[in-house]
Amino acid sequence: MRAGALAVAIAGTLVLAACGGNDGGTAAGSVAGLPVTHFESGLRPDAPTPDLDVRNVSDDDADRLATATIADVEDYWSGELPDDFGVKFDPVEKLLSYESNGTNQTNGCGDTKKNVNAFYCGQDDSIAWDRGVLLPTMIQQFGPLSVVTVLSHEFGHAVQYRLQDKAGITRSTPTIVKEQQADCFAGSYYRWVAEGKSKYFRVSTAEGLNAALSSLFLVRDSAGTAATDNQAHGTAFDRIFAFQLGFEQGPKECAKIDMTSLQSRLTERPFDQADRNEGTLPINDTTLDFLKQSLDAAFAGAHVPSPEIVPGSGACSGGPATPPASYCPSDNTVNIDVDTLAALGREVNQSAEWNGETSGGHGDFAALSEIASRYALAIEKGVGASLDNANAGLRTACLVGAWAAATNKLPNTVLRLSAGDLDEAISDLLRPDSLVAADVNGKRVDAGFTRVEAMRTGYLKGSTPCSKQYG
Ligand SMILES: [Zn+2]
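Quantities reported herein were computed from a predicted structural model and do not represent experimental measurements.

Reading the values: rules and limits
- Residues numbered from 1 in each chain as written.
- Predicted model: local features only at pLDDT ≥ 70, side-chain atom pairs only at ≥ 80, totals over all residues.
- Heavy atoms only, no water.
- Salt bridge = Lys/Arg side-chain N within 4 Å of Asp/Glu carboxyl O.
- Helix = DSSP H or I, 4+ residues; strand = E, 2+ residues; numbered from the N terminus.
- Buried < 20%, exposed > 50% of the residue type's maximum accessible area, 1.4 Å probe, protein only.
- Phe/Tyr/Trp six-rings, centres within 6.5 Å; stacked < 30°, edge-to-face > 60°.
- Donors = N, O, S within 2.8 Å, 3.2 Å for Na, K, Ca; no water.
- Pairing = 2+ DSSP bridges.
- Polar contact = N/O pair within 3.5 Å; in protein donor to acceptor, adjacent residues only side chain to side chain.
- Contact = heavy atoms within 4.5 Å.
- Expected span 1.5 Å × (residues − 1).

*Asks:* Run through the pattern of salt bridges, naming residues and quoting values.
*Replies:* Under the criterion given, the structure shown has 17 salt bridges. A salt bridge links lysine 88 to aspartate 90; the shortest N-O distance between them is 2.8 Å. Ionic pairing is found between arginine 239 and aspartate 183, a salt bridge with its closest N-O pair at 2.8 Å. One end of the pair, arginine 239, is in helix α6 (residues 236–249); the other, aspartate 183, is in helix α4 (residues 175–194), and 56 residues separate them in sequence. Here the two residues arginine 239 and aspartate 183 agree in accessibility, since each one is buried. Residues participating in the shared-partner salt-bridge network are Glu370, Asp428, Arg431 and Asp433.

*Asks:* Could you give me a rundown of the packing of aromatic side chains, with the residues and numbers involved?
*Replies:* Under the definition given, this model contains 14 aromatic pairs. Between tyrosine 76 and tyrosine 189 the ring centres are 5.8 Å apart and the planes differ by 70 degrees, which places this aromatic pair in the edge-to-face class. One end of the pair, tyrosine 76, is in helix α1 (residues 61–85); the other, tyrosine 189, is in helix α4, and 113 residues separate them in sequence. Given a relative accessible area of 4%, tyrosine 76 falls into the buried group. Residue classification places tyrosine 189 among the buried residues on the basis of a relative accessible area of 1%. Geometrically, the ring pair formed by tryptophan 77 and phenylalanine 185 is edge-to-face, given 5.2 Å between the ring centres and 90 degrees between the ring planes. With tryptophan 77 in helix α1 and phenylalanine 185 in helix α4, this residue pair connects regions lying 108 residues apart in the sequence. Owing to a relative accessible area of 1%, tryptophan 77 belongs among the buried residues under this scheme. Given the relative accessible area of 0%, phenylalanine 185 is considered buried.

*Asks:* Just give me the short version of the coordination of the zinc ion, but keep the residues and values in it.
*Replies:* Surrounding the zinc ion are the protein donor atoms His153 (NE2), His157 (NE2) and Glu179 (OE), which sit 2.0 to 2.1 Å from the metal. Sequence spacing of the donors to the zinc ion: H-x3-H-x21-E. Within this pair, histidine 153 and its partner histidine 157 are both found in helix α3 (residues 145–163), separated by four residues, close to a single helical turn. By relative accessible area, histidine 157 is classed as buried at 11%.

*Asks:* Explain the pairing of strand β9 (residues 126–130) residue by residue, including any values.
*Replies:* Where burial is concerned, most of β9 is hidden: five out of the five residues are buried. Along β9, one buried face is formed by Ser126, Ala128 and Asp130 and the opposite face, lined by Ile127 and Trp129, is buried too. Pairing of strand β5 (residues 94–98) with β9, which is carried by five bridges, proceeds in the parallel orientation. Following the sheet pairing, tyrosine 98 is matched in β9 by aspartate 130. Here four bridges tie strand β8 (residues 118–121) to β9, and the two strands are oriented antiparallel to one another. The residue bridging phenylalanine 119 from the neighbouring strand is alanine 128, located in β9.

*Asks:* Can you tell me about the side chain of threonine 322, naming the residues and giving the values?
*Replies:* Topologically, threonine 322 is positioned in the loop between β11 (308–311) and β12 (325–328). A polar contact of 2.6 Å, which involves the side chain of threonine 322, links it to the backbone oxygen of alanine 325. Apart from residues no more than four positions distant in its own chain, threonine 322 is found in contact with Gly314, Arg374, Leu435, Val440, Asn441 and Gly442.

*Asks:* Residue-level account of α6, with values.
*Replies:* Between the first and last C-alpha of α6 there are 20 Å, a value that for 14 residues agrees with the 20 Å anticipated at 1.5 Å per step. Along α6, the residues classified as buried are Ala236, Phe237, Asp238, Arg239, Ile240, Phe241, Ala242, Phe243, Gln244, Leu245, Gly246 and Phe247. Where α6 ends, the next residue or the one after it, glycine 250, has phi of about 85 degrees, a positive value.

Have a look at this one:
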């Protein structure tokens, strides 16, 4: 976040009703209409041996997973392309496995040496992947589904190449449109796997999809990239949006993504000129004052007593205890452990993520979101909403999103959302012990998919759906 000049514009504040009917948008017990499942995700023990010709292939895990993924996405698209688009499916012409740290290989797009990547190459209709560095690094961090995520995205580009004008693709289509479509196509394939239709893979909707989303998170653009950059792939927020769109609505919706539809929702943008610290505020007394001022202004419309934010152990005396931040209903305070939150709020080191070696910092907005979530519970209590169930957790994440969107318009406040903040919130939401989508007792919904969706609903639509969908 950043501290801007004092804004005095008059803006609407967030409102919240105690309860409302669930409009069917999202139920706490489902993932986009599928049951919440827990089992080990990855290659099926009885998966067939793919009948594919891969140049320079090895018998290591990365190649086994990559080859099975290509065979599986081909199964999926051989049904979808004729059914949804009336287009005959042709497999990609060439497949290449290479080691970016080993012997050079070439394909229609050039040399592979030092290219830590996986890519579709339109020149010779091929897909290539680095089994030397990229795939093993991702497998180590997120397991086998990371390979499935990356290569189903690359295959999405092959689909685009086949659809051409049916996906609105021309020579001048901006990169971000192609990338958003590819993420969306990957999401639509994932739904088919989650529905148990794949011969090769199985994915649980809780931990399995969490791994897919975490893989997408890792390959996000760095904060401050412009969406118009000719290399732009999107923020994690944008990429996960596209993946979830495909998962929920299928490939026809993916093919409709164009610059016009993206303009209203893309969050990727450069840092403001006034943002001298590239969006990093230290978690200290001054920032906490700004936070309190921002939350008070955002939730003034609820007309309920706002909680005090009190430094302490991060737990309430007599409970609940959800350190590093707890909402204490008995005295309407949010008790916070400033040191732990300051460590959580340290700047993100994106290149260290690739080695799994981070400082533990998820960015200032991760820490501020945790506090905001406990604050939101006070507002929910004030209006008589439930605090101790799955809906309370999702409603809370939704309100944090609504607050994030409101910050830049709030009167008499200085806290401003900066580029990268939303990805810091997602980074926090995907942590196993995140509070942002947790109820008053710290219990959170298992599916990261649903947690991220709840936060995004608030961000894009404001606070009204928070009580409606998670009533
Ligand atoms: Zn791509």
